[in-house]
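Descriptive analysis of the structure
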Amino acid sequence: MKLLRVCMLAAIAAACGGGDGGADAASGPLRLKYENGNGPVSPPFHYDYTLLVQDSAGSVEWRAGTAADTATWTERFAVAPAAMSHLRAVIDSTALLTRKWTAGEPANGAPAQGLTGSIGTHTFTIPAHVAAADQPDADRIYRAVEKTVPDSAWVSFRKKQWDFEQAHKQQ
């Protein structure tokens, strides 16, 4: 009888997912928005981008220049299964879903990176500037998010950015 009660409690806990927002939650549908840029630099050299991932599909919108003179390019892509597995493993190992990120002071001239999203019913936010103690894990997550984008898209963006800079240096 005691064994039956233990088995029933284990089955109930498994059905409820444990409620901790940890590894079980990382298997649900994933949606995220990652924003990054190169910080305050002169207009022709400035860029920022927004990367969106929803399950196995993604897009990047790259913006070159500043509000006065800007160019925008968008790439859509399928997220490779290996890249998604890696991202989910990093999410698990950094406790993204349960972690309380500490906001830090922005470094002078540093770019702002930020991540928001959800996995299943769990939401998460990494603030634009995190405390120094949290930065290594935030960087691991950001790199894993960036790895969902095919290399060919990054090469294309860098080439277009270079062309934009060259065209605007002459002005």
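What you see is a predicted model; the values in this text were computed from it and never measured.

Going through the model one piece at a time under the given rule, you end up with seven salt bridges. When the shortest N-O distance is used, the salt bridge between D134 and R99 registers 3.0 Å. Taken together, the residues D134 in the loop between β6 (122-126) and α3 (135-146) and R99 in the loop between α2 (81-93) and β5 (114-119) connect sequence positions 35 residues apart. A relative accessible area of 8% means that D134 is categorised as buried. In this structure R99 comes out as partly exposed when scored by relative accessible area, which is 22%. Of the charged contacts in the structure, one is a salt bridge between D137 and R99, with a shortest N-O distance of 2.6 Å. Taken as a pair, D137 in helix α3 and R99 in the loop between α2 and β5 lie far apart in primary sequence, 38 residues in all.

Where strand β1 (residues 30-37) lies against β5, six bridges are found, and the strand directions are antiparallel. The residue of β5 that forms the bridge with K33 is T116. Relative to strand β2 (residues 47-54), β1 runs antiparallel, the two being bridged by seven bridges. Residue pairing for β2: N36 is matched across the bridge by Y49.

The first and last C-alpha atoms of α2 sit 18 Å apart over 13 residues, in line with the 18 Å expected at 1.5 Å per residue. What α2 keeps buried is the set A83, M84, L87, R88, V90 and I91. Looking down the long axis of α2, one finds its buried residues gathered within 160° of arc, a one-sided arrangement. Seen from the buried face of α2, the exposed residues on the opposite side, beyond 90 degrees, are P81 and A82. The positive-phi residue at the C-terminal boundary of α2 is A95, with phi of around 55°.

Each value, and the rule that gives it
- Residues numbered from 1 in each chain as written.
- Predicted model: local features only at pLDDT ≥ 70, side-chain atom pairs only at ≥ 80, totals over all residues.
- Heavy atoms only, no water.
- Salt bridge = Lys/Arg side-chain N within 4 Å of Asp/Glu carboxyl O.
- Helix = DSSP H or I, 4+ residues; strand = E, 2+ residues; numbered from the N terminus.
- Buried < 20%, exposed > 50% of the residue type's maximum accessible area, 1.4 Å probe, protein only.
- Pairing = 2+ DSSP bridges.
- Expected span 1.5 Å × (residues − 1).
- Arc of directions from axis to C-beta.

Spatial relationships are all this shows, so hold off on functional conclusions.
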